[in-house]
Protein chains: 2
Amino acid sequence: MSTDIVPVPAAEITHWDHEADVVIAGYGVAGAAAAVEAARAGADVLVLERTGSWGGAAAMAGGFIYLGGGTALQKACGFDDSVDNMAAFLNVAMGPGADENRIADYCAGSVSHFDWLVGCGVPFKAEFFGEPGWEPMGDQGLMFSGGENSFPFNTIAISAPRGHVPQMSNKKQGEASAGFMLMKPLVETATAAGARAVYDIRAQRLVVASDGRVVGLVARKFGDEITIRARRGVVLAMGSFAYNEAMVAQYAPRIAGRPAASIEQHDGRAIQMAQALGADLAHMDATEVAIFADPQQLVRGILVNGRGQRYVPEDTYPGRIGQLTLYHQDNTAYLILDGHAQDEAMASLTPQLMLRPPTWVADTVAELEAEIGLAPGSLQATVAAYNEGAARGEDPLLHKKAQWLRPIGSPVGAIDLRESTGGFTLGGLATTLDAEVLHVSGEPIPGLFAAGRCTAGLAAWGYASGVSLGDGSFYGRRAGRRAARD
Amino acid sequence: MSTDIVPVPAAEITHWDHEADVVIAGYGVAGAAAAVEAARAGADVLVLERTGSWGGAAAMAGGFIYLGGGTALQKACGFDDSVDNMAAFLNVAMGPGADENRIADYCAGSVSHFDWLVGCGVPFKAEFFGEPGWEPMGDQGLMFSGGENSFPFNTIAISAPRGHVPQMSNKKQGEASAGFMLMKPLVETATAAGARAVYDIRAQRLVVASDGRVVGLVARKFGDEITIRARRGVVLAMGSFAYNEAMVAQYAPRIAGRPAASIEQHDGRAIQMAQALGADLAHMDATEVAIFADPQQLVRGILVNGRGQRYVPEDTYPGRIGQLTLYHQDNTAYLILDGHAQDEAMASLTPQLMLRPPTWVADTVAELEAEIGLAPGSLQATVAAYNEGAARGEDPLLHKKAQWLRPIGSPVGAIDLRESTGGFTLGGLATTLDAEVLHVSGEPIPGLFAAGRCTAGLAAWGYASGVSLGDGSFYGRRAGRRAARD
């Protein structure tokens, strides 16, 4: 058997190159949150990071953290929310198959998690961004990021925005991402609390004592094998498996060949290292999916599938549009919008360069339908039905909000959105609410903890922007605290 | 850590209650095929079966074995097929994510696998059943069982039926299932070749030597712990995880609460026993899905989703209709058919008792649409478009075959097919083409083999009736041969 991932018996280790109470593999958001909490709990903390610097996928991300239940920021922006209301939304939006216990736990701790982030120095501007978009166009701190205010979610819970976005100092100049503004204070806080870090070092194998307890790691640094002893626990925080082609083929083949919003270091290694110890997995098929279209265009048109049929309210969370398109519509969509709608989108807050020109333009819907190659009459019937409702401000089929309803006129165009999705994986190690890694026996593996996208988090199928930085930081903290007290 | 599934070190075993060269856990189709081949290869074979008799899910199944490439039965029924043609179909129909290497391997061996079954005494009648249905109504031996002759598959490969069904002696009297007629000769062949069996015994844990090799099993029989030594290898053939609620929630939540065509013994134990050794998994989200409707009705109506839209050619494999309904249409479908269509179905080969009466009946489509509660105009537009094409013998939207196209008239009814699906899981242990169980390192686990529905087989997402008995028996044979030569 190849030994490059098989656990190493502790008895075989003759020398430890590094030692710490808590050893954390990966310095993205989960690793940083774990480092802060473990160090604050008095543990000697060592973080191992594969690249040359802290940050991970988080530092390059839009920076959304999904929080609610009445955070200080929600209140400052004038929105009501409650723990139950947030849970009601997430139980539907993160499923089917979402773990209601985990969601309840996350929602109950959400307000204090926001306060904790602020306490670490993460800046948030108390301003709401209400325009369609993937992210705020300015430095606003709060935005709908999961379709909370669109159908069907606006019938399930009271709409509250929960996408909390760290404030950038100079967004217009592109000096930093909001994700960077999340990571920088967390790492500074961890460092101030005493956490040490080693860079350019890759965790390779877990070291296991004869009683089954994880007591360290073997890593590689510039070709050398490095041994690291963990006196209290190892925390795996090494990201998703979006860039492991074999794992994607085994577990999430629909997303194969289209990784997005992820980084190449997300190779699934942490998952496999723990699997080699008998660790259990969950929700390996779940993925975040973006659709490569701007919401300022999406809301003003209608999206149809390869049969010319509408299938999603166009004003919902665009990640939901991506998921439904990739998984339910064979990754085939066309955005139908008329000249007036395109002009409005061009005049919106979204920079024109980010908007797509129509792939086809025609005088009539019948001509457009033929140009796209849709079944004769299919798109015509869809547009006729949409226009009939839109003329009286209603969308009986999909309940797009009235503000975006306007009959489609001439000239009419279509943007080709076939094969226009990408995303990252959401499944991974099964863990307890204390971030202990579960063995298939159902019991925690002693000394082994995990958080972030190498674990199965809140989402079993659906998604909302901010869920990954949210559960990564939330359960990263748990992992750090729990490991420190072992 | 709970120890009820953790591997037992061989050094801890002081006494073996049973010994054999090859120990097979599970006496369904995969176990029986493994037993035949291992015994024929000269190994001393012991099969452990949890229930009181051989059979497994196979003995209760419709008995389809998916085979092609030009089997003797295909030829006798007048159908052309080739290995490449069969592979072209399966690569599309079993995906996305289907393993092309495994499919090529299976197709290349398909003709000789059919001959092997015949050689074991499995009877097949050289008669084709061409009516819509889940199974032949009589004792015919061959049937389309994967939508090969419907869109889009009839554009991808030359249509050939590949559902090979063992002949029942007295189907009308209900004396046996076709699956029983598959299992009985296989078990008799295994017994004649010298395979022994112990019943009422549950495999619990694998026994592992210090070098990592699997050398036996610990099992339970009426409360006693039994040790079984495997001199050459252990074959896991214990079925799917369809009845393990926790695993279904973790991996295939859409199918939760709706197991079908499965048996309660399918508790995922084999998968977890191997996971505890670091075994790798694949395609855990894949499921077979049946829709609880008779094809004689399906082909004569139109299926619409919760938006009143058609989404599948109604004359395709009904399992495909089930999958698309459950996964892509939120498990919501309505079968629209007029009085004439219902009368025709009632006069078909399907016994009237198996046909469903309409849930709603109306004089007009507009009234029916309102009774169902569909968006105003949605079903009317769908029926109008369908009727317009049907009147000239065409279905431009979904390409249902012309023989089933007839404009929908009055009175018109709808059968409520919401939440009307069920099925079993298709994912499991990752194995080599020699049925060796793969460790997450990518290397086989020495001494451990697996086949049948505790492994990931041909199907990554789609399905065709006969694929499970097909890959179970095919790779069961490989497992038996490979274990015997270890």
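Residues numbered from 1 in each chain as written. Chains lettered and ligands numbered in written order. Predicted model: local features only at pLDDT ≥ 70, side-chain atom pairs only at ≥ 80, totals over all residues. Heavy atoms only, no water.

(A) Main features of the relation of the copies chain B and chain A. Overlaying chain B on chain A yields an RMSD of 0.0 Å, the required transformation being a rotation through 180° with an accompanying axial translation of 0.0 Å. This pairing of chains is accounted for by a two-fold axis. Interface overlap between copies is the fraction of interface residues in one copy that are interface residues in the other; for chain B against chain A it reaches 100%, indicating a shared surface. (Least-squares fit on C-alpha atoms with pLDDT ≥ 70 in both. Contact = heavy atoms within 4.5 Å.)

(B) Geometry of the nonpolar core. One finds Leu217, Leu236 and Leu448 of chain A together with Leu217, Leu236 and Leu448 of chain B to be the most contacted residues of the largest nonpolar core, which totals 120 residues. Those residues in contact with Leu217 of chain B, other than ones at most four positions away along the chain, are Val23, Ala25, Leu48, Ala203, Arg205, Leu206, Val207, Ile226, Thr227, Ile228, Val234 and Met273 of chain B. (Core = buried A, V, L, I, M, F, W, Y, C linked by side-chain atoms within 4.5 Å. Buried < 20%, exposed > 50% of the residue type's maximum accessible area, 1.4 Å probe, protein only.)

(C) Representation of the sheet that holds strand β6 (residues 142-143) of chain B. With respect to topology, 4 strands assemble into an open sheet ordered β4-β7-β6-β5 (chain B), the strand pairing being mixed. At either margin of the open sheet sits one strand with a lone partner, and together these are β4 (65-66) and β5 (128-129) of chain B. (Pairing = 2+ DSSP bridges. Helix = DSSP H or I, 4+ residues; strand = E, 2+ residues; numbered from the N terminus.)

(D) Structural detail: the side chain of Thr455 of chain B. Residue and element names in this part refer to chain B. Along the polypeptide, Thr455 turns up in the loop between β21 (444-450) and α14 (467-484). On the basis of relative accessibility, which here comes to 5%, the residue Thr455 falls in the buried class. The contacts of Thr455, once residues within four sequence positions are left out, are Leu426, Gly427, Gly428, Leu429, Thr431 and Ala450.

(E) Local environment of the domain arrangement of chain A. Residue and element names in this part refer to chain A. Looking at chain A, the domain boundaries give domain 1 (1-292 + 422-485) and domain 2 (293-419). Distance from the C-alpha centre of domain 1 to the C-alpha centre of domain 2: 35 Å. Residue-level contacts link 28 residues of domain 1 with 32 residues of domain 2. When domain 1 packs against domain 2, close to 2,600 Å² is buried across both sides, 60% of that on carbon and sulfur atoms. Sorting the residues of domain 1 by area buried against domain 2 places Arg254, Ile291 and Trp461 first, and these three jointly supply 26% of that buried surface. (Domains from an automatic or database assignment. Buried area = accessible area lost by both parts, 1.4 Å probe.)

(F) Here's a closer look at the interface of chain B and chain A. On the chain A side, the residues contacting the 43 residues of chain B number 43 residues. Note on chain B versus chain A: buried area summed over both sides is about 3,600 Å², and carbon and sulfur give 59% of it. One can count 0 salt bridges joining chain B with chain A. Our count for the chain B to chain A interface comes out at 16 residue pairs in polar contact (both at pLDDT 80 or more). Where the side of chain B that touches chain A is concerned, the elements lending two or more residues are α7 (245-251), α8 (269-275), β12 (281-282), α10 (318-328) and β21 of chain B. Of the residues contributing to the side of chain B that touches chain A, the split by class is 24 nonpolar, 13 polar and 6 charged. (Salt bridge = Lys/Arg side-chain N within 4 Å of Asp/Glu carboxyl O. Polar contact = N/O pair within 3.5 Å; in protein donor to acceptor, adjacent residues only side chain to side chain. Nonpolar A, V, L, I, M, F, W, Y, C, P; charged D, E, K, R; others polar.)

(G) Region of interest: the sheet that holds strand β15 (residues 334-338) of chain B. All names here are of chain B. Strand order across the open sheet formed by 4 strands is β14-β15-β17-β16, with antiparallel pairing between neighbours. Because the sheet does not close on itself, it has two edges, and the strands there are β14 (302-304) and β16 (360-362). With strand direction ignored, the average angle separating the axes of adjacent strands in the sheet is 25°. Strand direction decides the pairing type here: β15 and strand β17 (residues 412-416), joined by 5 bridges, are antiparallel. (Axes fitted to C-alpha atoms, helices over the stretch in contact; angles between N-to-C directions.)

(H) Just the pattern of salt bridges, in detail. All names here are of chain A. Applying the stated criterion across every chain, the model contains 60 salt bridges over all chains. Here Arg232 makes a salt bridge to Asp21, at a shortest N to O gap of 3.6 Å. Highlighted residues: Arg232 in strand β10 (residues 224-236) and Asp21 in strand β2 (residues 18-25), separated in sequence by 211 residues. A salt bridge links Arg258 to Glu419, with the nearest nitrogen and oxygen atoms 2.4 Å apart. Separated by 161 residues along the polypeptide, Arg258 in the loop between α7 (245-251) and α8 (269-275) and Glu419 in the loop between β16 (412-416) and β17 (421-425) bring together distant segments of the chain. Overall, Arg258 belongs to the buried group, its relative accessible area being 15%. Members of the salt-bridge network, linked through shared partners, are Glu19, Asp21, Asp44, Arg196, Arg229, Arg231 and Arg232.

(I) Expanded view of helix α3 (residues 83-93) of chain A. Here α3 of chain A has its buried residues at Asn85, Met86, Ala87, Phe89, Leu90 and Ala93 of chain A. Here the buried face of α3 of chain A lies against β4 (65-66), α4 (100-108) and α5 (110-119) of chain A.

(J) Region of the structure containing the pairing of β16 of chain A. Of all the 5 residues making up β16 of chain A, 5 are buried; the element is thus mostly covered by neighbouring parts of the structure. Every second residue of β16 of chain A is oriented toward a common face, with Val412, Ala414 and Asp416 of chain A on one face and Gly413 and Ile415 of chain A on the other, all of them buried.

(K) Focus on the pairing of strand β3 (residues 45-48) of chain B. All names here are of chain B. Across the two faces of β3 the burial is the same, with Val45 and Val47 and Leu46 and Leu48 all buried. The pairing of strand β2 (residues 18-25) with β3 spans 4 bridges and is parallel. Bridged to Val23 within β3 is Leu46. Between the parallel elements β2 and β3, the chain passes through helix α1 (residues 29-40) in a crossover that is right-handed. Relative to strand β8 (residues 196-198), β3 is paired through 3 bridges, and the arrangement is parallel. Within β8, the position partnered with Leu46 by the bridge is Arg196. (Right-handed = clockwise from strand over helix to strand, strands pointing away.)

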